[in-house]
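Listed below are the residues making up each chain.
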Amino acid sequence: MKRLVFAFLALLSLSSCSVDDDAANLTYDFAEITDYEFPEFFEPGKSYDLKLTYKRPSTCHNFIGIDGGREDINSNEIFMYALTSVSSGATECNSSNETELISQTTIRGFNISANIADDEVFIFQLWTGEDASGEPIFTTVEVPVGDPEVPTPSS
């Protein structure tokens, strides 16, 4: 009798599973970074808020966040992408009203190591789209470490 009950419960649990996924399918896209606000220079041991303006591909796209990173741990070249998602069932998406598509986000607390030399330069590669052959286009922003030399007033 125990085997019959076990077999019935196993059959019941297996038959209640569905392979159909009723959840919305999402597609992920990049959003063009159109503007930025970085400091003129970084000071070792401090952290900074970096502001980025991006343009969503359509009003149905939702901003996910900023992604990217360095090619290797020793590099000061940082690649940045604005990520969006859109449901495959989204309808009535508008991509013609520019002001609806433009938004801004802030990367909070970008840290500069206290051990970094004053002659270092951080190179930010901001994704701004693709060329005709599908290759990525980046805007390069260079931010030096250390106070840039301020000319002394002539006396």
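Located above this text is the structure these notes cover.
Residues numbered from 1 in each chain as written. Predicted model: local features only at pLDDT ≥ 70, side-chain atom pairs only at ≥ 80, totals over all residues. Heavy atoms only, no water.

1. Looking at a nonpolar patch on the surface
Reasoning step 1: Together, Leu 26, Tyr 28 and Ile 64 make up a nonpolar patch on the protein surface, roughly 330 Å² of accessible area in all.
Reasoning step 2: Its place among the elements puts Tyr 28 in strand β1 (residues 26-37). (Patch = residues over 30% accessible without salt bridge, like charges linked within 9 Å, V, L, I, M, F, W, Y side chains within 5 Å. Areas by Shrake-Rupley, 256 points an atom, 1.4 Å probe, with all protein chains shown as cover. Salt bridge = Lys/Arg side-chain N within 4 Å of Asp/Glu carboxyl O. Helix = DSSP H or I, 4+ residues; strand = E, 2+ residues; numbered from the N terminus.)

2. Notes on the packing of aromatic side chains
Reasoning step 1: Taken as a whole, this structure holds 14 aromatic pairs when the rule is applied.
Reasoning step 2: Centre to centre, the rings of Tyr 36 and Phe 38 are 5.6 Å apart; their planes meet at 45 degrees, and the pair counts as tilted.
Reasoning step 3: On the basis of relative accessible area, Phe 38 is assigned to the buried category, the value being 15%.
Reasoning step 4: Relative to Tyr 48, the ring of Phe 42 has its centre 5.0 Å away and its plane inclined at 55 degrees; by these criteria the two rings are tilted.
Reasoning step 5: A relative accessible area of 0% means that Phe 42 is categorised as buried.
Reasoning step 6: The exposure class assigned to Tyr 48 is buried, which follows from its relative accessible area of 15%.
Reasoning step 7: Here a set of aromatic residues connected by ring pairs shows up, and it is made of Tyr 36, Phe 38, Phe 42, Tyr 48, Phe 110, Phe 122 and Phe 124. (Phe/Tyr/Trp six-rings, centres within 6.5 Å; stacked < 30°, edge-to-face > 60°. Buried < 20%, exposed > 50% of the residue type's maximum accessible area, 1.4 Å probe, protein only.)

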